[in-house]
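Topology and contacts: notes
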Amino acid sequence: MIHVFTMNGCNIAVDGNSGSVHVLDNISNNILKNMEKFTPLDEILDLSGVDYSAEDIVEAYNEIMILKEQNLLFSSDEIISEAIATKKNTDGMKALCLHVSHDCNLNCEYCFASKGDYRSGRKLMSGEVALKAVDFLVENSGERQHIEIDFFGGEPLMNFEVVEKAVVYGRQIENKSDKKFHFTITTNGTLLDKYKIEFINEQMDNVVISLDGRKEVHDAIRYDKAGRGSYDRIVPLAQELVAGRKGKSYFIRGTYTAKNKDFSKDVMHLADLGFKEISIEPVVGSENKFFIKESDSPEILREYEEFAVEYLKCLREGKDIRFYHFNVDLYKGPCIYKRVAACGAGFEYFAVSPEGYLYPCHQFVGQEGFVVGDIYNGINNVLLCNSFKGNNILSKEKCRDCWAKLLCAGGCHANAWYSNGDIAQPNDIACTLQKKRIECAIMIQVARQIDSKVPAGG
C-alpha cells in the first residue's frame, strides 16, 4: 500500500511494504493520490482531477513504473514474511527489566503502575533476587554478547543499594561470562544526590528522567504524597546529572495528557532548561480523565504538524535539540528484523518482579495472567511467550495493511491489551498519533536532505 501526503510544502509517498520514502513533484503526487493500489496507465489517463497533459502523465507514470519494478513502490510483503520467519528462530534473551522497587515517593495521577505498587503491595527487591536475575540473563542470553538490564519501579532510587549491587556484580562477571552489560535506570529524579549522580554517570549507559515540562503542567500531576509538586526538586538535580554525562546517553522523558495538548511548549521549555534529548509521550488508555480521547485527536494532530515545522526551523538555526518522536532515521534506521516486532517483549525482553517472577514486559507486571515463569525455574508458560513472539505486523489484522507498519513495528502490546484486552488489537488513538508523528519525522528528514543538497546561497 502507498501513503501519499503533503506537509510543509513537501509531497511525500511512503511504500508500506518496503518502507521506502519518495519525494514527489506535483504531477506524480496527484497521480499517486488517485492510486490506492497499482492502476494501469489507461485508467490514470481517464482520472479526473489530474490536470496535466497526456505526455506529462505518461512520463511521470513511467517513472513510477521503474520504482515499482525495483520493489520501491507497490511492493509485496514477501520481505516482511521472510523477516518474520527469521525472527522466529531468534534464540536467547537480550534484556531484563528489574523492578527493584514496587514503591514510589510520588503520587502521579496517570501512573500505569498504580502509584508504584502495581496493585500487588509495596515491596522492594532483595539483593539475592537482583543478583540471581543477573545470572539468569547471562545463562539465558545464548550467543548474544551484548545484554541489557534496566532498573525500574516505582522509584528505583528507593532501593539504590540493590541497584549498586547488581551493577557491580554484572561488571565483575563480564569478562568470565564473555558478556557486555548495558545498564539503564529510569527515575523521577527527586532522590538524586551527589553520590547517586556520580555512580549513575559512571556506570549507567543510559538514564531516563521523568519530567513533564512546564512547572505548572508537571506539578499539576507529578506530586508527592503530601500533594507538593516535584518540579523544583527535580530540575536542578536532573541538570546536574545531565551535565556530568559527558556524552553518555540520557532522556528527559515527559508525558502529556488531555490537560496539556499544547505539549510542544513543554518540549521547548525542557530545551530551554538545557536538555537536548527529549521525549514527550501521550497517555492513552481508558477510564481516566487525563487519557487522550478520540475527540482530542484533531487538536493534537495539528499540534504535531505545527511543532514539526517549528522543530525544523530550530534545526536549521543550529539549535542542539533532539525530539525522540521526530528522529526517525530513514537511511540508517532499524533493520527489517527490528521493524517486524520492535520491543521483543515475551521472547527477547522480560520484566522481573521484586519476588523474581517473570513477565513479558514491565507494563504487565502485577497482572497475574501474564506470569510466564520465574528466575529460579525459568519460563514455564511457553504458550503465552509464543503468543508474544508471533504477534507481529502481519499477524495483526489492523497492521497488515497499514502504510506505517515498518516505521512503528505494530505498536505497544501493553497499550493494546489495556485498551482492548488483546495484545493483537492496537489502541486506535495511539495508532492515529503515531502515524502523524511518523509523517512529521519523514517531512523533517526529507527537508533536511533537501537542505543538504542546496548550494550555498541557493
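Residues numbered from 1 in each chain as written. Predicted model: local features only at pLDDT ≥ 70, side-chain atom pairs only at ≥ 80, totals over all residues. Heavy atoms only, no water.

1. Some details on the overall build of the protein chain
Check the secondary structure of the protein chain and you find 17 helices and 16 strands. Radius of gyration (C-alpha) of the protein chain: 24 Å, near the 23 Å computed for a compact globule of 458 residues. Expressed as lengths along the three principal axes of its C-alpha atoms, the size of the protein chain is roughly 75 × 45 × 45 Å. Relative to its 458 residues, the protein chain shows a buried fraction of 53%. Residue pairs at least 24 apart in sequence account for 70% of intrachain contacts in the protein chain once pairs closer than 6 positions are excluded. Accessible surface computed for the protein chain: about 20,600 Å², of which carbon and sulfur atoms make up 48%. Distance between charge centres in the protein chain, computed from 53 positive and 66 negative side chains, equals 5 Å. (Helix = DSSP H or I, 4+ residues; strand = E, 2+ residues; numbered from the N terminus. Rg over C-alpha atoms; globule rule 2.2 N^0.38 Å. Buried < 20%, exposed > 50% of the residue type's maximum accessible area, 1.4 Å probe, protein only. Contact = heavy atoms within 4.5 Å. Areas by Shrake-Rupley, 256 points an atom, 1.4 Å probe, with all protein chains shown as cover. Lys, Arg positive; Asp, Glu negative; His and termini not counted. Charge placed at Lys NZ, Arg CZ, Asp CG, Glu CD.)

2. Remarks on the sheet that holds strand β3 (residues 21–23)
Read across the open sheet, the three strands follow the order β1-β2-β3; overall the sheet is antiparallel. In this open sheet, the two strands that pair with only one neighbour each are β1 (2–7) and β3. The sheet shows a mean angle of 25 degrees between the axes of neighbouring strands, direction not considered. Bridging between β1 and strand β2 (residues 10–15) involves six bridges; their strand directions are antiparallel. Directly across from T6, in β2, lies its bridge partner N11. Across the face of the sheet, helix α17 (residues 428–453) comes into contact with β1, β2 and β3 while running at roughly 65 degrees to β1. (Pairing = 2+ DSSP bridges. Axes fitted to C-alpha atoms, helices over the stretch in contact; angles between N-to-C directions.)

3. Quick word on helix α5 (residues 127–139)
With 13 residues, α5 extends 18 Å between its outermost C-alpha atoms, agreeing within 8% with the 18 Å of an ideal straight helix rising 1.5 Å per residue. Taken together, the buried positions of α5 are G127, V129, A130, A133, V134, F136, L137 and V138. (Expected span 1.5 Å × (residues − 1).)

4. Details of the environment of V129
Following the sequence through the fold, V129 ends up in helix α5. Linking V129 and G244, residues 115 residues apart in sequence, is a C-alpha distance of 31 Å. Beyond its immediate chain neighbours, meaning those up to four positions away, V129 contacts S353, P354, E355, G356, I375 and Y376.

5. As for helix α1 (residues 26–33)
Most of α1 is tucked away, with six of its eight residues classed as buried. The set of residues buried in α1 consists of I27, S28, N29, N30, I31 and L32.

6. Let's talk about the nonpolar core
Grouped together as the largest cluster of nonpolar side chains are 108 residues, with contacts concentrated most on L96, L98 and F151. Formed by 15 residues, the second largest nonpolar core is a distinct cluster that contains A13, I57, A60 and I64. (Core = buried A, V, L, I, M, F, W, Y, C linked by side-chain atoms within 4.5 Å.)

7. A short note on unusual backbone geometry
With an omega of 20 degrees, the peptide bond between G153 and G154 qualifies as cis. With respect to the element layout, G154 can be found in the loop between β7 (146–152) and α6 (160–177). One non-glycine residue, K246, lies in positive phi territory at about 50 degrees. By relative accessible area, K246 is classed as exposed at 77%. A positive phi angle, near 60 degrees, is found at A409, a position not held by glycine. Assignment of secondary structure puts A409 in the loop between α15 (405–408) and α16 (413–420). Residue classification places A409 among the buried residues on the basis of a relative accessible area of 9%.

8. What about the pairing of β1?
Taken across its six residues, β1 has five buried, putting it largely inside the fold. Hairpin connection between β1 and β2: a loop of two residues separates the two successive antiparallel strands, and N8 in this loop has a positive phi of roughly 55 degrees.

9. So, the confidence of the model for the protein chain
For the protein chain, per-residue confidence averages 89 on the pLDDT scale, and 91% of positions sit at 70 or higher. Between residues 333–338, whose pLDDT stays under 50, and residues either more than four places distant or in other chains, the model counts 11 contacts. (pLDDT = per-residue confidence, 0-100.)

10. Considerations on the sheet that holds strand β16 (residues 378–379)
If you trace the 11 strands from one edge of the open sheet to the other, you get β12-β11-β10-β9-β8-β7-β4-β13-β14-β15-β16, paired in mixed fashion. Taken across any chain shown, the strands that pair with only one partner, and hence form the sheet edges, are β12 (322–323) and β16. By the bridge criterion, three bridges tie strand β9 (residues 206–210) to strand β10 (residues 251–256) in an arrangement that is parallel. For V208, the partnering residue across the bridge sits in β10 and is F251. Along the sheet, α5 contacts β4 (95–99), β7, β8 (180–187), β14 (357–359), β15 (373–374) and β16; its crossing angle with β4, the most-contacted strand, is approximately 170 degrees.

11. Some thoughts on the packing of aromatic side chains
Within this structure, the stated rule accounts for 21 aromatic pairs. Ring plane angle 25 degrees and centroid distance 4.3 Å describe the contact between F364 and F370, whose orientation is recorded as stacked. With a centroid separation of 6.3 Å and an interplanar angle of 15 degrees, the aromatic rings of F364 and Y418 are classed as stacked. Here F364, found in the loop between β14 and β15, pairs with Y418, found in helix α16; they are 54 residues apart in sequence, far enough to count as distant. A relative accessible area of 31% places Y418 in the partly exposed class. Linked through ring pairs, Y256, F263, Y304, F307, Y311, F323 and F326 together constitute an aromatic cluster. We note K196 situated over the ring of F160; from NZ or CZ to the ring centre the distance is 5.7 Å. (Phe/Tyr/Trp six-rings, centres within 6.5 Å; stacked < 30°, edge-to-face > 60°. Lys NZ or Arg CZ within 6 Å of the ring centre and 35° of its normal.)

12. Some words on the packing of α6 against helix α7 (residues 194–203)
Two elements in contact, α6 and α7, have axes separated by 12 Å at closest approach and are oriented at 30 degrees. Taken together, α6 and α7 sit at an angle that is classed as roughly parallel. Where α6 crosses over α7, the two elements pack in a sense that is left-handed. On the side of α6, the interface is formed by F160, E164, V167 and R171, while α7 contributes Y195, K196, F199, I200 and Q203. Looking at side-chain class alone, the contact of α6 with α7 contains five nonpolar, one polar and three charged residues. (Parallel < 35°, antiparallel > 145°, perpendicular 65-115°, else oblique. Left-handed = near helix turned anticlockwise from the far one by under 90°. Nonpolar A, V, L, I, M, F, W, Y, C, P; charged D, E, K, R; others polar.)

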